[in-house]
Amino acid sequence: MTDFRSESLHPGPSPPDRDLQLRLRAGDEEALSVLFARHRDDVFALCWRLAGASIADDLLQETFLRVWLYRASLTGRARFSTWLYVVARNVCMDYLSRRARDRSLNEDPPAPEKTGEPSWTPNAERRVVVQELLAELPLEVREALVLSRFHGLSYREIGEISGCSAGAVKVRIHRALERLRTAMKNVEATRGL
Amino acid sequence: MDCESCREIVVRGLAGEAARAELEEARAHVAACAACGEASAQLEDAWRELGKWQAPKAPADSAARLATRLALRTESMQRSLPSRPRWPWLVAAALVGALAGFGGTAIRHPPSEREPTFLLLLRRGPDAVDPGSGPLHERMVAEYSAWRSEMVRRGVLRASRLLDAGTGLVLRGGSTAVAARGVPRDGGGEFVSGFFLVEAENLDTAEAIARTSPHLEYGGSIEIRPIVEPPKPGRR
């Protein structure tokens, strides 16, 4: 069985994604294992922020299963990481659509799932504000914000992943950050600071 | 530059999307406009606050889980897409498989080549090792996966499944629920945690296969039962 746990299966420098995706396309399981070891934390983080902590690992698995199944569509023209984000994003969207459909059958749907208990700030109010706002953001807006802030992608790359223009990404991020700014300002005002 | 354009550039600057000249122009505006100065500081604060929303790393056992799922998927595809010539035995094999209750999905060999099939029922009791969710779990998953992969490689595995360890019922006139960790709520006893359907020449060979399972080392038991094949259509 291929070992998916370590990136360096053999001594020597690890090959770049460009070479690995060609090997992956040819059906090389070892290439998949190296790519998994290299990108799993990024994909997991994306799933964690978009879909929630409780399902993130399952979506990570599903993403790489699809990578394997659809490897023939790798052309080598695009960066592997961009293609991988497209797959991961679609996996998350499929899951969230299913969840929304399931919840629509309930008379009293539960609140949006939080994406995990953040541990970044001693300021509980600001933490709650950020978390609630993120949960309320339309998915395409949250997606743009997450890909920009945490994955360092350009507006053009985010547009490629989300299937929209770079201009649309710019508008989404601007609006999201303005909403966050306003919400945090209101918290400060409430506290009389 | 108007205030709206200034804030738009500030946001793009935070995302690394603004040109240097634009940023300088925006800074000049911020220096002269108190409202934009305040808004700019708040936007930077919001961006910084957002950045503290750090995700954990992927679970340590995610690699082992992926390997298992890929192996399952590969086997499933091998079963559904036989590489050998399909005709004429495929139709006959599908018929036999359907009669045997497998819906034709577990067919790999033509009937004439098929060996007897045995069901390996993996049981766990209260004394079996609890894998938990740490390194032991990862090791156990890897060992079970390796055992299973070896059966796939040797071409003896026809089907396998794990059973949900926390849900189920045992019917004995009444009903007994299966609790978390699979232990029946009526007070102990073994429960079936999974099954493997293997082809083997005879019971001894099936036993030899079962004895290589890590399940026995972890305190479980394996029941080996030959599958009764449906009678072949009589010839005139």
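Shown above is the structure to which this text applies.
The present account deals with the structure reproduced in this document. (Residues numbered from 1 in each chain as written. Chains lettered and ligands numbered in written order. Predicted model: local features only at pLDDT ≥ 70, side-chain atom pairs only at ≥ 80, totals over all residues. Heavy atoms only, no water.)

**Concerning the interface of chain A and chain B**
- Contact with chain A, which involves 44 residues of that partner, is made by 41 residues of chain B.
- In total, about 4,200 Å² of surface goes out of reach between chain A and chain B, with carbon and sulfur atoms giving 67% of it.
- For the pair chain A and chain B, the number of links is four salt bridges.
- In this structure, the salt-bridge partner of B:K57 is A:D41, at a minimum N-O distance of 3.7 Å.
- At the boundary of chain A with chain B, the tally comes to 10 residue pairs in polar contact (both at pLDDT 80 or more).
- Every element with two or more residues in the side of chain A that touches chain B is listed here: α2 (29–51), α3 (56–69), α5 (124–136), α6 (139–149) and α8 (166–190) of chain A.
- Class assignment of the residues belonging to the side of chain A that touches chain B gives a composition of 24 nonpolar, seven polar and 13 charged. (Contact = heavy atoms within 4.5 Å. Buried area = accessible area lost by both parts, 1.4 Å probe. Salt bridge = Lys/Arg side-chain N within 4 Å of Asp/Glu carboxyl O. Polar contact = N/O pair within 3.5 Å; in protein donor to acceptor, adjacent residues only side chain to side chain. Helix = DSSP H or I, 4+ residues; strand = E, 2+ residues; numbered from the N terminus. Nonpolar A, V, L, I, M, F, W, Y, C, P; charged D, E, K, R; others polar.)

**Quick notes on helix α1 (residues 17–25) of chain A**
- Listing the buried residues of α1(A) in full gives A:D17, A:L20, A:Q21 and A:L24. Summarising the axial view, the buried residues of α1(A) lie within an arc of 100 degrees, below the 170-degree limit, and thus occupy one face. (Buried < 20%, exposed > 50% of the residue type's maximum accessible area, 1.4 Å probe, protein only. Arc of directions from axis to C-beta.)

**Some remarks on the environment of B:R161**
- Within the secondary structure layout, B:R161 lies in strand β2 (residues 157–162).
- Along the chain, B:R161 and B:F195 lie 34 residues apart, while their C-alpha atoms are 5.6 Å from each other.

**Things to note about the packing of α6(A) against helix α3 (residues 34–51) of chain B**
- The geometry of α6(A) relative to α3(B) is characterised by a closest axis approach of 11 Å and an angle of 80 degrees between their N-to-C directions. In this view, α6(A) runs roughly perpendicular relative to α3(B), as classed from their interaxial angle. Note on element contacts: α3(B) touches α6(A) through B:W47, B:R48, B:L50 and B:G51, opposite A:L145, A:S148 and A:R149. (Axes fitted to C-alpha atoms, helices over the stretch in contact; angles between N-to-C directions. Parallel < 35°, antiparallel > 145°, perpendicular 65-115°, else oblique.)

**Section: the sheet that holds strand β1 (residues 117–124) of chain B**
All names here are of chain B.
- Pairing is antiparallel in the open sheet, where four strands are placed in the order β2-β5-β1-β6. Across the chains shown, the open sheet's two edge strands, defined by having one partner strand only, are β2 and β6 (221–226). Each strand of the sheet is rotated relative to its neighbour by a mean of 20 degrees, with strand direction disregarded.
- Helix-sheet contacts for helix α7 (residues 203–211) involve β1, β5 (191–199) and β6, and the interaxial angle to β6 is about 155 degrees. (Pairing = 2+ DSSP bridges.)

**Considerations on the packing of aromatic side chains**
- Inspection of every chain in the model, using the stated rule, returns six aromatic pairs over all chains.
- Residues A:F80 and A:W83 carry aromatic rings whose centres are separated by 6.0 Å and whose planes lie at 45 degrees to one another, so their mutual orientation is tilted. Within this pair, A:F80 and its partner A:W83 are both found in helix α4 (residues 80–104), separated by three residues, close to a single helical turn.
- Assessed through its relative accessible area of 2%, A:F80 is described here as buried.
- With a relative accessible area of 16%, A:W83 lands in the buried category.
- Aromatic pair A:F150 and B:W53: ring centres 5.8 Å apart, planes at 70 degrees, arrangement edge-to-face. Taken together, the residues A:F150 in the loop between α6 and α7 (155–162) and B:W53 in the loop between α3 and α4 (62–80) connect one chain to another. (Phe/Tyr/Trp six-rings, centres within 6.5 Å; stacked < 30°, edge-to-face > 60°.)

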